[in-house]
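Chain and residue survey
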Amino acid sequence: MNTTQKREKPVILAVDDEPTVLSAVARDLRREYGQQYRVLRADSGESALETVRELKLRNAPVALFLVDQRMPGLSGVEFLAKAIEIFPDAKRVLLTAYADTQAAIDAINEVALNHYLMKPWDPPDEHLYPVLTDLLDDWQASFAPPFEGIRIVGHQLSAQSHQIKDFLSRNLVPYQWLDVEIDEEASRLLELSGSDGSRLPLVLFPDGPALVQPTNVQLAEKIGLRMHPGLPFYDLVIVGAGPSGLAAAVYGASEGLSTLLVEGEAPGGQAGTSSRIENYLGFPSGLSGGDLSRRAVAQASRFGAEILTPLEATGIRAQDPYRFVTLTDGTEVSCHALLIATGVSYRKLDVPGVGRLTGAGVYYGAAITEALACRDKDVFVVGSGNSAGQAAIYLSRYASSVTMLVRGRSLAPTMSHYLVSQIESHEKITVSPHTTVDEVMGDASLEEITITDTTTGDSRNIPAFALFIFIGARPHTDWVVDVVERDSAGFILTGPSLLRGDRRPKGWYLNRDPFLLETSIPGIFAAGDVRHRSVKRVASAVGEGSMVVQFVHQYLSRVPE
Ligand SMILES: Cc1cc2nc3c(=O)[nH]c(=O)nc-3n(C[C@H](O)[C@H](O)[C@H](O)COP(=O)(O)OP(=O)(O)OC[C@H]3O[C@@H](n4cnc5c(N)ncnc54)[C@H](O)[C@@H]3O)c2cc1C
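Everything numeric here is computed off the predicted structure, so don't read it as measured data.

About the cut-offs
- Residues numbered from 1 in each chain as written.
- Predicted model: local features only at pLDDT ≥ 70, side-chain atom pairs only at ≥ 80, totals over all residues.
- Heavy atoms only, no water.
- Helix = DSSP H or I, 4+ residues; strand = E, 2+ residues; numbered from the N terminus.
- Buried < 20%, exposed > 50% of the residue type's maximum accessible area, 1.4 Å probe, protein only.
- Contact = heavy atoms within 4.5 Å.
- Areas by Shrake-Rupley, 256 points an atom, 1.4 Å probe, with all protein chains shown as cover.
- Lys, Arg positive; Asp, Glu negative; His and termini not counted.
- Charge placed at Lys NZ, Arg CZ, Asp CG, Glu CD.
- Phe/Tyr/Trp six-rings, centres within 6.5 Å; stacked < 30°, edge-to-face > 60°.
- Pairing = 2+ DSSP bridges.
- Axes fitted to C-alpha atoms, helices over the stretch in contact; angles between N-to-C directions.
- Near = heavy atom within 4 Å.
- Polar contact = N/O pair within 3.5 Å; in protein donor to acceptor, adjacent residues only side chain to side chain.
- Salt bridge = Lys/Arg side-chain N within 4 Å of Asp/Glu carboxyl O.

Focus on the overall build of the protein
- Broken down by element type, the protein carries 16 helices and 26 strands.
- Projected onto its principal axes, the C-alpha positions of the protein cover 105 × 70 × 40 Å.
- Expressed as a percentage of its 561 residues, the buried residues of the protein come to 54%.
- Partitioning the contacts of the protein with sequence separation of at least 6, the portion at a separation of at least 24 is 65%.
- Summed over all atoms, the accessible surface of the protein reaches about 25,700 Å², with 50% contributed by carbon and sulfur.
- Looking at the protein, you have 51 positive and 68 negative side-chain charges, and the mean spots of the two groups are 8 Å apart.

Rendered as structure tokens:
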């Protein structure tokens, strides 16, 4: 789907069972209105109704129905009665023969008919266009263009709804969210699509059939994300499109390396989920993570880097002089140099109820996607790092109160000073120190949490609409276990940290030490948060991603062809 497509023209629908009349009316309509309107035709009331339903599901606007009264099956007036329930603002004109005059007059009341025209209407300049132009001008004057993107119909507090919204927003695809519990339009769309609402979410596209409970891969195919490598071999394959992987792709591709970037979820990584990064050089008033990733993706693509998403790397192997990456779909891509830039994700909060309610009121790092749904609600944030602080500030724009549940004495030891100051002076945010979350409860979605004051041991249950968890990091390195050396927490060792005194890592066969960002296998590099003792910041991830390309060049200059 092209998400930047031109606004769709409003529709004029002509309906007549006589083929010659239908062709003539469609021809006349196109001649006069074809520039501004899409003229569609149907040869019966029933098929016209089918078209009307499809148009509604695609959110295409209808300006005018021009309908013959005398048709077998549904008559013109009967069709209009049903069609205006779906498009109440469309103008209605009936084509009549002399004998149908009374039906037309009755229809003025029945379906608020705007006009009836006698057949034949020749010459159209005199009998057709003046009337229709007047009606269409009227319609245009009160027409508010509909949202022209993807629409999601579902339950607000459902893990699958959350997954779809999160995937689309992280891939920077605009969508409209329709909650079946509060939105009348949502119920109407379900009825039109023939769904009884038992299998939600339903995702509607402006240019094709709807999908029920789609996976990320199905959505990716539909919105045109690239999921298959164009080449069997690359100079450089980068796994992970966070700030470090994106920076490496920009430098690699701009310096002439054939470069492939493979991303498991959406470009931007953790930074892409940040509402405002305030300490990145060159952006004095901050920038959102979404903006940073959008710019980086455009830059990397402009230099010719190929980006595959959502596609996970599941394994690597080395067979000199090649390095191989296996992807989720079973494909293997080969390269000379490989960069692991898979970053970290939040540790799971291991207390009863969290597994079941994740996505239904309990979220890991999803402050941006779910903030709107928290309007006027009481929400909680677990954690005391910068990401928790940013989330609390962002959520406070919508929620009536945000409580930060902090295990330690205060935020100061773990959060940047500028964020601590903003939180302390914020009237909607409260910090609850010495507090742990022990259980989360709710039937279909989160309703209550149990918290404990660790100084007194007192526990209590409090109502909670949402709980956002930001507690520490776990590196994404399960897929490279037993191939490259890692520390005890799973972070990848590189350069000097691989040396034991003068001894190089086991199996190292080159007559030099590993480069600063090189792993225990020559030609396999690691950058950003995934690296042992890395600085967990956007700027340092970008710095390492840029720097690693220099080492790749040095490595490639010695690789036999
Ligand atoms: C909410 C939030 C706010 C933050 N705010 C700031 C801030 O204001 N300033 C600051 O300096 N830092 C901030 N940080 C930290 C900063 O975002 C990280 O340090 C930075 O994103 C690390 O970049 P990275 O490229 O190393 O890894 P990541 O950003 O973690 O990216 C790794 C990418 O690899 C992908 N991946 C993982 N495994 C696989 C696989 N097997 N196959 C394919 N792809 C895979 C992931 O999906 C991810 O997209 C914030 C972090 C968070 C979460």
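After presenting the structure, the write-up continues.
Some remarks on the packing of aromatic side chains
- Summed over the entire model, instances satisfying the criterion amount to 12 aromatic pairs.
- Seen from their ring centres, Tyr33 and Tyr37 are 6.4 Å apart, and the 85° between their planes marks the pair as edge-to-face. By the burial criterion, Tyr33 is buried, and Tyr37 matches it.
- By way of ring pairs, the aromatic residues Tyr33, Tyr37 and Tyr129 are connected into one cluster.

Things to note about the sheet that holds strand β17 (residues 362–364)
- The 5 strands lie next to each other as β17-β24-β18-β19-β20, forming an open sheet whose pairing is parallel. The strands lining the two open edges of the sheet, one partner per strand, are β17 and β20 (429–432). Each strand axis lies, on average, 20° off the axis of its neighbour in the sheet, ignoring direction.
- In this sheet, strand β24 (residues 466–469) lies alongside β17 in parallel orientation, the contact comprising 3 bridges. Directly across from Tyr363, in β24, lies its bridge partner Phe468.
- Contacts between helix α14 (residues 386–395) and the sheet are confined to β18 (378–382), β19 (401–405), β20 and β24, with β19 contributing the most and set at about 165° to the helix.

A word on the site of the ligand
- Taken together, 35 residues are adjacent to the ligand, and Ser244, Glu263, Gln270, Tyr346 and Gln390 come closest.
- Within the backbone of Val344, one N or O atom sits 3.4 Å away from an oxygen atom of the ligand.
- Contact between the ligand and Asp529: an oxygen atom at 2.8 Å from a main-chain N or O atom of the residue.
- Bound to the protein, the ligand loses 94% of the 1,000 Å² it would expose on its own.
- Where the shell around the ligand is concerned, the elements lending two or more residues are α10 (243–254), β16 (344–346), α14 and α16 (538–556).

Concerning the pairing of strand β15 (residues 332–340)
- Burial within β15 is extensive, with 8 of its 9 residues counted as buried.
- Across 6 bridges, strand β10 (residues 233–239) lies against β15 in parallel orientation. Paired with Val239 across the bridge in β15 is Ile340.
- Both strand β14 (residues 322–327) and β15 contribute to a ladder of 4 bridges, which runs antiparallel. Across the sheet, residue Phe324 finds its bridge partner in β15, namely Ser334.
- In this structure, the hairpin formed by β14 and β15 is closed by a connection of 4 residues, where Gly330 is found at a positive phi of approximately 95°.
- Relative to strand β26 (residues 524–526), β15 runs parallel, the two sharing 3 bridges. Each bridged residue has a counterpart across the sheet, and for Leu339 the counterpart in β26 is Phe525.

Some words on the pattern of salt bridges
- Considering all chains together, one arrives at 21 salt bridges under this definition.
- With a closest N to O distance of 2.7 Å, Asp513 and Arg504 form a salt bridge.
- When salt bridges with common partners are traced through the structure, they connect Glu18, Asp68 and Lys119 into a single cluster.

A short note on the environment of Val237
- Relative to the elements of secondary structure, Val237 occurs in strand β10.
- Val237 has contacts with Leu260, Val262, Val325, Val333, Ser334, Cys335, Ala337, Leu338 and Leu339, leaving out every residue within four places of it along the chain.

As for unusual backbone geometry
- With an omega of -10°, the peptide bond between Asp122 and Pro123 qualifies as cis.
- Note that Pro123 resides in the loop between β5 (115–118) and α5 (124–127).
- Residue Pro310 follows Thr309 across a cis peptide bond; omega there is -5°.
- Structurally, Pro310 can be placed in the loop between β12 (306–308) and β13 (313–319).
- For Asp482, which is not glycine, the phi torsion reads 70° and is therefore positive.
- Topologically, Asp482 is positioned in the loop between β25 (473–475) and β26.
- Here the phi dihedral of Arg533 falls at roughly 60°; this positive angle occurs in a residue that is not glycine.

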